[in-house]
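The primary structure of each chain is shown beneath.
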Amino acid sequence: MSDREPVNIMGVIAFPNPNKDERVIRFIDSEYHTLFTIKDGESIVITRFDSEKMVLPCKYIDDCHVCIGNSAYHICEFAEMQERNGNIYVPRTPKISDEIGTYEIYQIPATADVDYYYYTAYNSFVRNYSSYLSMYGLDTSKSLKDQDCPMTDGGTWYDYFRDQAISSLTSYSLLAQKAEEDGFDGSETVEADLKQVYSDLDSYAAAAGYTRSQYIKTVCGPLVNKAVFERNVRLTSLAQAYSAEYANSLEYSDDEVQAAYDADPKSYQSADIEYILFYSAADSDATDEEKAQLLEEAKQKAETALSRYAQGEAFDAIGEDMEGTYTHAANVTNSTSDMLTWAFDDARQEGDTTVAANGDKGYYAVLFHSRSRNDYHSVSVRHILVDSEDKANEILQQYNNGEKTEDAFAALAVENSTDSNASSGGLYTGIYRGQMVSEFEDWCFDPARQAGDTGIVQTSYGYHVMYFVSTSENPYWYDQAVISLKSAAYNEWYSSITDGVEAEQLDGMKYVG
């Protein structure tokens, strides 16, 4: 039997805790999972589906009933009503957990918000990897729930995009809330982003013969209406603006940058090596014995190549004669592969050679020349990729007949380039040696190159109409060290906001995707 006396409070036969100091108001979801608790008299913030916020005081009735504003609710009744209406409710003053900087618990918003990020992740992946979907095993004509995803541990493509959506929504929600708590004013950026998003959206919608609302549902899923779409665009923009302001505020002295280099010099160096790769070329249905035999033959070829080099033959000629794949990698960075672990060993000297495994695919014959700090300066360029020299000349002439500005070139890139970065005006920033194909790099790193220079470069990808933007002020190693310092500081800051927060998937997740 309960030792609590029944009391009629606001028409509720309640059994309040007689000890007022122990009275807490519990907020749950419709499955009775506890979301958070507040003290008697504290307030909650309800964010409606249209982004309007309401701050409502809460009064304790008993452990299962609460007065919110001027109405009494059973805690489950309130949860079900808010979920039906697509509302989010959180404490006005979140509790700080034992780990400083993290909050006790957060509630994932309405299913439609998850759906927005689900389709954002899906559309982005399909757009960026359209030419490689079959290699990933993704068939857009079939249900994602029936297709295994190689990037998950036994999960499906649906699981992959759902987890991406939950991660994005959780991250952006936490960053946006922290921005508001800190009084960050990102309104100008948010409004500008929203205006641009709607401008692009309306163009795509018109081209497809849809209204704005129809196109939103087509791209973002049937659960996402204009209000949900705009709310999440604003959320994302605010979170990104807030995190960008923090990242941009990070500055380091020359001594701090030098210290970062001294602590891990190999991360800011490049090696100059030549290598010949001999593949084992084992068929997929080959037996283990056959694979081992072919791998041993590849190793013997690599050893033979080094023996011929020791007798005075040129490395590239050996590669061609033995039908191996020859490469001169003048600016290769450190990694965990056998070949590069060897190349970055402190004992390495000019002229050293070795045979290194390429996993179970073959062997390298490797010749070491040198290793040095990345003292060159990275560059930024714009380019327009087309499939013919005539087309390239036509575009360059069009540029020369116009304003001859960077913006004018960028506009031509948007209109004509077949490269994936066309939408950004063909811009590549911070190009480092070894990043691009040799012909492209030779033009970029020409010592005589000046801002505003233009030209045409032919590569295996086609014809590139080039525009030189700028050379980095600092050496590449210096920029690398600054990025490393900023990355470490940003990750620590981001973790202080997001650590300890997990999103619980409730029944409404079945409607996502």
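1. Here we look at the packing of aromatic side chains
Then step 1. Evaluation of the coordinates by the stated rule reveals 45 aromatic pairs.
Then step 2. Between Trp157 and Tyr160 the ring centres are 5.6 Å apart and the planes differ by 85°, which places this aromatic pair in the edge-to-face class. Taken as a pair, Trp157 and Tyr160 lie in helix α4 (residues 157-181) at a separation of three residues, close to a single helical turn.
Then step 3. By relative accessible area, Tyr160 is classed as buried at 17%.
Then step 4. Look at Tyr376 and Tyr476: their rings are 5.4 Å apart centre to centre, the planes differ by 25°, and that puts the pair in the stacked class. Here Tyr376, found in the loop between β13 (362-373) and β14 (379-386), pairs with Tyr476, found in helix α15 (residues 476-498); they are 100 residues apart in sequence, far enough to count as distant. One exposure class covers both Tyr376 and Tyr476, and it is buried.
Then step 5. Through a chain of ring-to-ring contacts, the aromatic side chains of Tyr118, Tyr119, Tyr122, Phe125, Tyr129, Tyr136, Trp157, Tyr158, Tyr160 and Phe161 assemble into a single cluster.
Then step 6. The cationic tip of Arg373 hangs over the ring face of Tyr261; the distance from NZ or CZ to the ring centre is 5.5 Å.

2. Things to note about unusual backbone geometry
Then step 1. With a phi angle near 55°, Ala281 is a residue other than glycine that sits in the positive phi range.
Then step 2. Inspection of the secondary structure puts Ala281 in the loop between β10 (269-279) and α9 (288-310).
Then step 3. A relative accessible area of 61% means that Ala281 is categorised as exposed.
Then step 4. If you check the backbone angles, Glu323 has positive phi at about 60° while not being a glycine.
Then step 5. In this structure, Glu323 sits in the loop between α10 (315-321) and β11 (325-332).

3. As for the side chain of Ser280
Then step 1. Here Ser280 is to be found in the loop between β10 and α9.
Then step 2. Once residues within four sequence positions are removed from consideration, Ser280 is found in contact with Leu294, Leu295, Ala298, Asp360, Lys361 and Gly362.

4. Quick look at the state of the cysteines
Then step 1. Going through the model one piece at a time under the given rule, you end up with zero disulfides.
Then step 2. With no disulfide of its own, Cys58 lies 8.1 Å from the sulfur of Cys67, the closest cysteine sulfur.
Then step 3. A residue is classified by how much of its surface remains accessible, and Cys58, at 0% relative accessible area, is buried.

Cut-offs and rules
- Residues numbered from 1 in each chain as written.
- Predicted model: local features only at pLDDT ≥ 70, side-chain atom pairs only at ≥ 80, totals over all residues.
- Heavy atoms only, no water.
- Phe/Tyr/Trp six-rings, centres within 6.5 Å; stacked < 30°, edge-to-face > 60°.
- Helix = DSSP H or I, 4+ residues; strand = E, 2+ residues; numbered from the N terminus.
- Buried < 20%, exposed > 50% of the residue type's maximum accessible area, 1.4 Å probe, protein only.
- Lys NZ or Arg CZ within 6 Å of the ring centre and 35° of its normal.
- Contact = heavy atoms within 4.5 Å.
- Disulfide = S-S within 2.5 Å.

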